[in-house]
Amino acid sequence: MERKDLLIIMPAHNEEENLPGLLDRMDADRISQVADVLIINDASEDATASIISAHGYRMISNVFCLGYGGAIQVGYKYAARAGYQYVIQIDSDGQHDLSNIPVLYERLLRRDAEGKRPDIVLGSRYLEGSKSFPLSPAKRLAHRMFRVLIRLTTGQTITDPTTGLQGLSRRAFSCYAQYNNFDVRYPDANMLMQMLLLNYRVVEVPALMHPRTAGVSIHSGLKPLWYMIRMLYSTLAITFRIKFLKIDTRNRAA
């Protein structure tokens, strides 16, 4: 079967309640006609693996749970080695509407006035034309904090710095696939800060998102508070390392 230029990667851990409906919609929308799909089964203990197999999608099964960041980096490594030109990452819980895929892909392919394509396209919950679900006060505070931090550090305004809905060029995901270039535990606003400081081109498009209907979010309970503290520390550390120590700036952004 001929390989497409675009690979959709989906990390999945114990998503037996959400996956059937999502994969049915992918079948109905004929996503496989425009993109290859890779689902990273992150050591699920439920029926996630059998559901993926029943739908016939390509799957990598981790023996041990690597977490969201580790699982998605597996997808980057696969895409880099298999020769894909573009990656779109979506969550397997159904929060990222499939209508976002052609929007992100079209923006990845479109050149700007200087004839350059973006390296990273973010699906934003805050741009005009977007539609999202209500967020907790803690999450909204985190978004505002990182928006300000990114603007002060890089001069660029990013409305949704923690979105997991992203499209990446080969240049970007090949960087993430390398050792020590990607925070496999908490890849979020810190990674966006890293890429902006390394002069990768980042743009946003409006996105349609839905609330999780089943399962447990990785940001449930008191986790958002710990996440905010950990992300702030990581973002500041990356800024100091790249902007002041000039570490990790060679051979990353030509």
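Structure's up top.
What this report covers is the structure whose coordinates are included nearby. Given the structure is predicted, the values throughout are model-derived calculations rather than measurements. Each chain carries its own residue numbering, running from 1 in the written order of its sequence. Given that the model is predicted, a residue must reach a pLDDT of at least 70 before its local features are reported, and side-chain atom pairs must reach 80 or more before they are shown or counted; all residues, however, enter totals for whole chains, interfaces and linings. Side-chain metrics in this entry use all non-hydrogen atoms of the structure; hydrogen atoms and water are not considered.

A separate point is a nonpolar patch on the surface. The grouping of F240, F244, L245 and I247 at the surface amounts to a nonpolar patch, some 420 Å² of accessible area in total. Tracing the backbone through its elements, the reader meets F240 in helix 8 (residues 223–244). Excluding any residue in a salt bridge, patches collect residues exceeding 30% relative accessible area, merging like charges within 9 Å and nonpolar Val, Leu, Ile, Met, Phe, Trp and Tyr side chains within 5 Å. Reported accessibility uses the Shrake-Rupley method at a 1.4 Å probe radius. Residues are deemed covered only where the shown protein chains occlude them. Any Lys or Arg side-chain nitrogen found within 4 Å of a carboxyl oxygen on Asp or Glu counts as a salt bridge. Numbering goes from the N terminus for both helices and strands, where a helix is a DSSP run of H or I of at least four residues and a strand is a run of E of at least two.

A separate point is the environment of H210. Looking at the secondary structure, you find H210 in the loop between strand 7 (202–206) and helix 8. Accessible area is worked out with a 1.4 Å probe on protein chains only. A residue is then buried under 20% of its type maximum, exposed over 50%, and partly exposed in between. Note on H210: relative accessible area 30%, which makes it partly exposed. Linking H210 and I229, residues 19 residues apart in sequence, is a C-alpha distance of 26 Å. Pairs of N or O atoms are called polar contacts if they sit within 3.5 Å, as long as, within protein, a hydrogen donor faces a hydrogen acceptor (for residues adjacent in sequence, only side-chain-to-side-chain pairs). At a separation of 2.6 Å, a polar atom in the side chain of H210 contacts the side chain of D97.

Before going further, it helps to examine unusual backbone geometry. If you check the backbone angles, N180 has positive phi at about 70° while not being a glycine. Relative to the elements of secondary structure, N180 occurs in the loop between helix 6 (170–177) and helix 7 (189–197). Residue classification places N180 among the exposed residues on the basis of a relative accessible area of 59%. Even without being glycine, N199 reaches a positive phi, approximately 70°. Here N199 is to be found in the loop between helix 7 and strand 7.

This next bit is on the packing of aromatic side chains. Aromatic ring pairs are defined here through the distance separating the ring centres and the angle between the ring planes. The pairing test for Phe, Tyr and Trp rings, Trp by its six-membered ring, is centres within 6.5 Å, and the orientation test on the planes gives stacked under 30 degrees, edge-to-face over 60, and tilted for anything in between. Following the criterion strictly, the structure yields six aromatic pairs and no others. The interplanar angle of 35° and the centroid separation of 5.4 Å between the aromatic rings of Y76 and Y176 together place this pair among those described as tilted. With Y76 in helix 3 (residues 67–82) and Y176 in helix 6, this residue pair connects regions lying 100 residues apart in the sequence. Taking the relative accessible area as the measure of exposure, Y176 reaches 3% and is therefore buried.

We now examine the packing of helix 1 (residues 19–28) against helix 2 (residues 48–55). The angle between two axes is taken between their N-to-C directions and runs from 0 to 180 degrees, where each axis is a line fitted to C-alpha atoms and a helix contributes only its stretch in contact. The N-to-C vectors of helix 1 and helix 2 enclose an angle of 15°; their axes lie 10 Å apart at closest approach. Judged by the angle between their axes, helix 1 and helix 2 are roughly parallel. Relative to helix 2, the crossing made by helix 1 is right-handed. For the pair helix 1 and helix 2, the contacting residues are L19, P20, L23, D24 and D27 in the first and T48, I51, I52 and H55 in the second. Residue composition of the contact of helix 1 with helix 2, grouped by class: five nonpolar, two polar and two charged. Any angle between 65 and 115 degrees counts as roughly perpendicular, while under 35 counts as roughly parallel, over 145 as roughly antiparallel, and the rest as oblique. A clockwise turn of the near helix away from the far one marks a right-handed crossing, whereas an anticlockwise turn of less than a right angle marks a left-handed crossing. Should any heavy atoms of two residues lie within 4.5 Å, those residues are considered in contact. Charged means Asp, Glu, Lys or Arg here, nonpolar means Ala, Val, Leu, Ile, Met, Phe, Trp, Tyr, Cys or Pro, and polar covers whatever is left, Gly included.

This brings us to the pattern of salt bridges. Considering all chains together, one arrives at six salt bridges under this definition. Across the pair K4 and D36 runs a salt bridge whose closest N-O atoms are separated by 3.8 Å. Residue K4 is found in the segment before strand 1 (6–12), and its partner D36 is found in strand 2 (residues 36–42); the two are separated by 32 residues along the sequence. Take K4: its relative accessible area is 19%, and that puts it in the buried class. Overall, the relative accessible area of 6% leaves D36 in the buried class. The salt bridge partner of R230 is D183, with a shortest N-O separation of 3.7 Å.

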